[in-house]
Amino acid sequence: MKILVLQGSPRKSGNVAGLLKKEGDRLLKKNPSAEILWENVSDLNFDFCHGCMACRSKGSCVLPEDDAHKIEKEIKECDMLVVGTPVYWGNMNGKLKCLFDRLVGVMMGESKHGIPIPLHKGKKAAIVTSCTTPFPFNYICGQSGGAVRAVREVLKSSGFKVIRKTNLSNTKRR
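Residues numbered from 1 in each chain as written. Predicted model: local features only at pLDDT ≥ 70, side-chain atom pairs only at ≥ 80, totals over all residues. Heavy atoms only, no water.

1. Things to note about the overall build of the chain
Our working definition: In this description a helix means any DSSP run of H or I spanning at least four residues, a strand means any run of E spanning at least two, and both kinds are numbered starting from the N terminus. Just to be clear, the radius of gyration here is over C-alpha atoms, and the globule rule we use is 2.2 Å times residues to the power 0.38. Exposure categories follow from relative accessible area, calculated using a 1.4 Å probe and restricted to protein chains: below 20% of the type maximum is buried, above 50% is exposed, and the middle band is partly exposed. Positive charges come from Lys and Arg alone, negative charges from Asp and Glu alone, with His and the N- and C-terminal ends not counted. Where a charge sits is defined by one atom per residue type, namely NZ (Lys), CZ (Arg), CG (Asp) or CD (Glu).
When helices and strands are counted, the chain shows 7 helices and 7 strands. Secondary structure elements of the chain, listed N to C terminal, follow the sequence β-α-β-α-α-β-α-α-β-β-β-α-α-β. Here the C-alpha radius of gyration of the chain, 16 Å, is about what a compact globule of 174 residues would show, namely 16 Å. In the chain, which comprises 174 residues, the proportion classed as buried is 45%. Of the charged side chains in the chain, 29 are positive and 16 negative; the average position of the first set lies 10 Å away from that of the second.

2. A look at unusual backbone geometry
Here the residue pair F135 and P136 is connected by a cis peptide bond, since its omega of 0 degrees sits within 30 degrees of zero. Structurally, P136 can be placed in the loop between β6 (124-130) and α6 (137-140). Positive phi, close to 50 degrees, is recorded for W89, a residue that is not glycine. Relative to the helices and strands, W89 is located in the loop between β3 (80-86) and α4 (94-102). Under the relative-accessibility criterion, W89 is labelled exposed at 84%.

3. Digging into the pairing of β6
As a reminder, the rule being used: Strands are treated as partners if at least two bridges between them are detected by DSSP.
Most of β6 sits inside the fold, with 6 of its 7 residues counted as buried. Relative to β6, β3 runs parallel, the two sharing 7 bridges. Of the residues in β6, the one forming a bridge with V82 is A126. Two elements, β6 and strand β7 (residues 161-168), share 7 bridges in a ladder whose sense is parallel. The residue bridging I127 from the neighbouring strand is K165, located in β7.

4. Considering the pairing of β3
When you tally the buried positions in β3, you get 7 out of 7 residues, the bulk of the element. Here 5 bridges tie strand β1 (residues 2-7) to β3, and the two strands are oriented parallel to one another. Bridge pairing links L4 to L81 in β3.

5. A word on the environment of V83
Under the convention used in this document: In what follows, residue pairs with any heavy atoms lying within 4.5 Å of each other are defined as contacts.
Turning to its location among the elements, V83 is positioned in strand β3. With relative accessibility at 0%, the residue V83 sits in the buried group. Taking the C-alpha atoms as reference, V83 lies 7.7 Å from A125; in sequence the two are 42 residues apart. In this view, V83 contacts L6, L20, L96, F100, A126, I127, V128, V151 and L155; residues no more than four positions away in its chain are not counted.

6. Points about the nonpolar core
Convention followed: We call a set of buried Ala, Val, Leu, Ile, Met, Phe, Trp, Tyr and Cys residues a nonpolar core when their side-chain atoms join them within 4.5 Å.
Core analysis: the largest hydrophobic core is formed by 26 residues, its most contacted members being L6, L81, L99, F100, L103 and L155. Counting only elements with at least two residues in this core, the list comes to β1, α3 (67-77), β3, α4, α5 (104-107), β6 and α7 (143-157). Aside from chain neighbours lying at most four places away, what touches L81 is L4, L6, K124, A125, A126, L155 and F160. Listed in part, the 13 residues of the second largest apolar core include V16, L27, V82 and A126.

7. A word on the sheet that holds β3
Put simply, the rule is: Convention adopted: a line fitted to C-alpha atoms gives each axis, helices being fitted over their contacting stretch, and angles between N-to-C directions are expressed from 0 to 180 degrees.
Strand order in the open sheet formed by 5 strands is β2-β1-β3-β6-β7, and the pairing between neighbours is parallel. Two strands in the sheet have a free side with no partner beyond their single neighbour: β2 (35-40) and β7. With strand direction ignored, the average angle separating the axes of adjacent strands in the sheet is 15 degrees. Two strands pair when backbone bridges link them, and β1 and β2 are joined in this way by 6 bridges, in the parallel orientation. Following the sheet pairing, L6 is matched in β2 by E39.

Here is the structure:
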């Protein structure tokens, strides 16, 4: 089993990184032979999506080769995707969102009528978030819930089945 972890926080030793490590340990305990590949999104060098939509028919981004293409290959090869992000204004981290924008062509195809086709049916996913807003206000005010919804939308549209989500709230006091 190949597990790809996308660490969306710029803090390599922060709350999201800690939660992802625990999730990785949990997955390795369940699947001792699993191979886990960790990617720190903040370390990746890639251009923004230009909105040309050519990736939908080509299955890959047509921009010059960069780290987004590396992640494309890793997503194609993984059996499970674990996405971690801090909550920014009720959404995922901006660089993680930009990466997902670049990955549209590898995440979903398109029918001749323009209907999206998920390309990763049968694969599993997990979502990890952390938020400074205290519980239950992190959900009542749409902070953690907004970030989870945004990541889940990308994963669900791509065919991934979200089997687990973890949120750490009130991180301002940690």
